[in-house]
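Reading the structure
Take a look at the letters that make up each chain.
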Amino acid sequence: MANSDIDFSGNDLQYSACVEFCSVTGLLIEEGDIGLAQFYLEDSGWNVNIAIQKYRQAQSDAHLIEEPDSVPDPAAKRPKTSDASSAPHPAGAPSASVGTPFAGAPSASAGAPSAAGRKPASTKSTSASKSSSGTPSQQKFRLITWNIDGLDSMEHTLQERTMAVCDAVKLYVPDVVYLQEVIPLSCGLISSSLPDYKLIVGGQQDYFTAVLLKKTTVQHLSDDIEPFPGTVMQRKIQTVQVKCAGADLTLMCSHLESTKDFATERVKQLKIAFEHMKTAAVHNAVIFGGDLNLRDPEVVKAGGLPSGVSDIWQLSGAPPDAKFTWDTSQNDNLRLPFKVKCRFDRLYLRQAYGSGPKVVPERFSLIGKKRLPGCRRFPSDHWGIVCDFKVEEETK
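Quick caveat: nothing in here was measured; it's all calculated off a predicted structure. Residue positions are given per chain, counted from 1 along the sequence in the order it is written. Whole-chain, interface and lining totals are the exception, using all residues; otherwise, since this is a predicted model, local features are given only for residues with pLDDT of at least 70 and side-chain atom pairs are given and counted only at 80 or more. With hydrogens and water stripped out, all remaining heavy atoms of the structure feed into the side-chain values.

**Overview of the sheet that holds strand 8 (residues 247-255)**
This is how the line gets drawn: Pairing between two strands requires that DSSP report at least two bridges joining them. By the criteria applied, helices consist of DSSP H or I runs no shorter than four residues and strands consist of E runs no shorter than two, each listed in order from the N terminus. Each axis is a line fitted through C-alpha atoms, and for a helix only the stretch in contact is used; angles between axes span 0 to 180 degrees, taken between their N-to-C directions. The contact definition used throughout considers only heavy atoms, calling two residues in contact when any of these lie within 4.5 Å.
Reading across the sheet, the 6 strands line up as 6-7-8-9-13-10 and stay open at both edges, with mixed pairing between neighbours. Of all strands in the sheet, those with a lone pairing partner are strand 6 (218-227) and strand 10 (309-311), marking the two edges. Direction aside, neighbouring strands of the sheet carry axes that sit 20 degrees apart on average. Taken together, the 9 bridges between strand 6 and strand 7 (residues 236-244) define a ladder with antiparallel strand orientation. Note on strand 7: the bridge partner recorded for Asp223 is Val240. Where helix 6 (residues 263-279) meets the sheet, its contacts fall on strand 6, strand 7, strand 8, strand 9 (285-291), strand 10 and strand 13 (345-350), and the angle it forms with strand 13 comes to roughly 30 degrees.

**Quick word on the pairing of strand 5 (residues 208-214)**
The side chains of a regular strand alternate, residue by residue, between the two faces of the sheet. Counted only if it meets this: Think of it in three bands: with a 1.4 Å probe and only protein chains considered, a residue is buried below 20% of the maximum accessible area for its type, exposed above 50%, and partly exposed in between.
Of all 7 residues in strand 5, 7 are buried, a share of seventy percent or more. Burial along strand 5 is two-sided: Phe208, Ala210, Leu212 and Lys214 facing one way and Thr209, Val211 and Leu213 facing the other are all buried. Where strand 3 (residues 176-182) lies against strand 5, 5 bridges are found, and the strand directions are antiparallel. Counterpart to Val177 in the pairing with strand 5 is Leu212. Relative to strand 5, strand 4 (residues 197-201) runs antiparallel, the two being bridged by 5 bridges. Among the inter-strand pairings, Ile200 is bridged to a residue of strand 5, identified as Val211. Where strand 4 folds back on strand 5, the antiparallel hairpin that results is connected by 6 residues, among which Asp206 adopts a positive phi of roughly 60 degrees.

**Here we look at helix 6**
Put simply, the test is: Given a helix with a known number of residues, its expected span is that number minus one, times 1.5 Å.
The end-to-end C-alpha distance of helix 6, which contains 17 residues, comes to 24 Å, matching closely the 24 Å that a straight helix rising 1.5 Å per residue would cover. Packing partners of the buried residues in helix 6 comprise strand 7, strand 8, strand 9, helix 7 (296-301), strand 10 and strand 13.

**Notes on the state of the cysteines**
Note the following rule: Put simply, a disulfide is two cysteine sulfurs that come within 2.5 Å.
Evaluated as defined, the whole model comprises 0 disulfides. Summary of cysteine pairing: Cys22 is not part of a disulfide, and the nearest cysteine sulfur, belonging to Cys18, is at 6.7 Å.

**Focus on the packing of aromatic side chains**
To keep things clear, this is the line we draw: For this analysis, a ring pair means two rings from Phe, Tyr or Trp (six-membered ring only for Trp) whose centres lie within 6.5 Å, classed as stacked if their planes differ by under 30 degrees, edge-to-face if by over 60, and tilted for the remaining angles.
If you walk through the whole model with that rule in mind, you get 6 aromatic pairs. A ring pair is formed by Phe288 and Tyr348, whose centres lie 6.2 Å apart and whose planes are at 15 degrees; its orientation type is stacked. Taken together, the positions of Phe288 in strand 9 and Tyr348 in strand 13 put the pair 60 residues apart, joining distant regions of the chain. Taken individually, Phe288 and Tyr348 each receive the classification buried, so the pair is uniform in this respect. When the ring of Phe378 is compared with that of Trp383, the centres are 5.2 Å apart and the planes differ by 85 degrees; the resulting orientation is edge-to-face. Comparing Phe378 with Trp383, the two get one shared label, buried. In this structure an aromatic cluster arises from ring pairing among Phe274, Phe288 and Tyr348.

**Things to note about the pairing of strand 7**
Within strand 7, 7 of the 9 residues are buried, which leaves the element mostly enclosed by the surrounding structure. Here 8 bridges tie strand 7 to strand 8, and the two strands are oriented antiparallel to one another. Note on strand 8: the bridge partner recorded for Ile237 is Ser254. Counted between consecutive antiparallel strands, the loop separating strand 7 from strand 8 contains 2 residues, among which Ala245 sits at a positive phi close to 55 degrees.

**Examining the packing of helix 1 (residues 12-25) against helix 2 (residues 34-43)**
Rule in force here: Should an angle fall under 35 degrees it is taken as roughly parallel, and over 145 as roughly antiparallel, whereas 65 to 115 is taken as roughly perpendicular and any remaining angle as oblique. Each residue is assigned to one class: nonpolar for Ala, Val, Leu, Ile, Met, Phe, Trp, Tyr, Cys and Pro, charged for Asp, Glu, Lys and Arg, and polar for all the others, Gly among them.
Where helix 1 meets helix 2, the closest approach of the two axes is 9 Å, and the angle between their N-to-C directions is 105 degrees. As summarised for this structure, helix 1 and helix 2 are arranged roughly perpendicular, according to the angle between their axes. Counting all contacts with helix 1, which are made through Tyr15, Ala17, Cys18, Phe21 and Cys22, the residues of helix 2 involved are Ile34, Ala37, Gln38, Tyr40 and Leu41. Class assignment for the residues of the contact of helix 1 with helix 2 results in 9 nonpolar, 1 polar and no charged.

**Remarks on helix 4 (residues 158-172)**
Every α-helix carries 3.6 residues per turn, so stepping three or four residues along brings you back to the same face. Across its 15 residues, helix 4 extends 21 Å between first and last C-alpha, which sits within 8% of the 21 Å expected from 1.5 Å per residue. Most of helix 4 is tucked away: 14 of the 15 residues are buried.

**Side note on the confidence of the model for the chain**
Quick reminder of the rule: What pLDDT conveys is the predictor's confidence in a given residue, as a value from 0 to 100.
The pLDDT averaged across the chain works out to 81; a share of 75% of its residues lies at or above 70. Confidence drops under pLDDT 50 across residues 1-5; counting only partners more than four residues distant or on other chains, this segment forms 10 contacts.

**So, the environment of Asn284**
For clarity, the threshold we go by: Here a polar contact means two N or O atoms within 3.5 Å. Within protein one must be a hydrogen donor candidate and the other an acceptor candidate, and residues neighboring in sequence count only if both atoms are side-chain atoms.
By the secondary structure assignment, Asn284 is in the loop between helix 6 and strand 9. Other than its neighbours up to four places away in sequence, Asn284 contacts Gln241, Asp248, Leu249, Thr250, Arg350, Gln351 and Ala352. A polar side-chain atom of Asn284 sits 3.2 Å from a polar atom in the side chain of Gln241.

Structure representation (structure tokens):
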């Protein structure tokens, strides 16, 4: 237990099951794989044999897709802060949807991050449950948000780190993925590695956000990009309208201005995003998030959470092991001389107004905590967030 962030609350049987799972499958507890063990065991009712079968099936699927052997020269990477010499997209301009060149099956590789409390890739993340008259009918979907650090100065690690992010997507099979700090080079890797997803990019040069939609579970309706008027870092809101799990959703992915020196601009951007949440279509649930670089006092300066808007981490019970997404005490990718923990990456929810379906977060945890075997670094300097939702609608 000393090497795991997971709290089993004194349940020795569950911990023993995780140890047995790791022993049989060859996973390493000391490298954080106990979270992946719990991931499969929890979905299998803590039946070790069933969990192992599901894990091995996911591993078998990994061999059905080819990975690129090389990545183009990353020398074209742009700095994070720009003088905006390249013209941004105009407000409301449509973003580019990137097609995928070949079909393949989801996979889970040795470089995939670990996590606790998630349903395994061998089960569909969007599903409907049986309902009887007068009881809620439920469907489910999963969302990941992750700053994948395409601007890391150690450019030779880009391919391995980006492929680890893709492996995590294949493993957790989310319906929606928000990505930040995507660059053209990583964009190509993502597109070719995840043919089951539609990739909608929020830019074409330097760095930008991107949204992935699972083709079999999410209906893409429209999308647009709105640059923040005061940004000096090319920051925008990328909005995608979809239908998923029986609900109309407005998906808002963003990367707010970075560093404490730009706190004033960041607060302005947060206000704009909150206003977009409030004024979104009344029949839509709205999920806004990404690498927001927020400190709690800045939310207060922005006027606090608007009425009807909730912090999804708090809605999920504020799990302490899923609080800090930028933690230099554990993540040494940036090799900083100081240790700090910040909740930079966040998700916010606004329900549809009236009697429409309600989106309810069920589980909230962090991924990307496993050091990669080649470069011996983590997939990003940020941990990723994976969140499961259920969609409830009263039937008559």
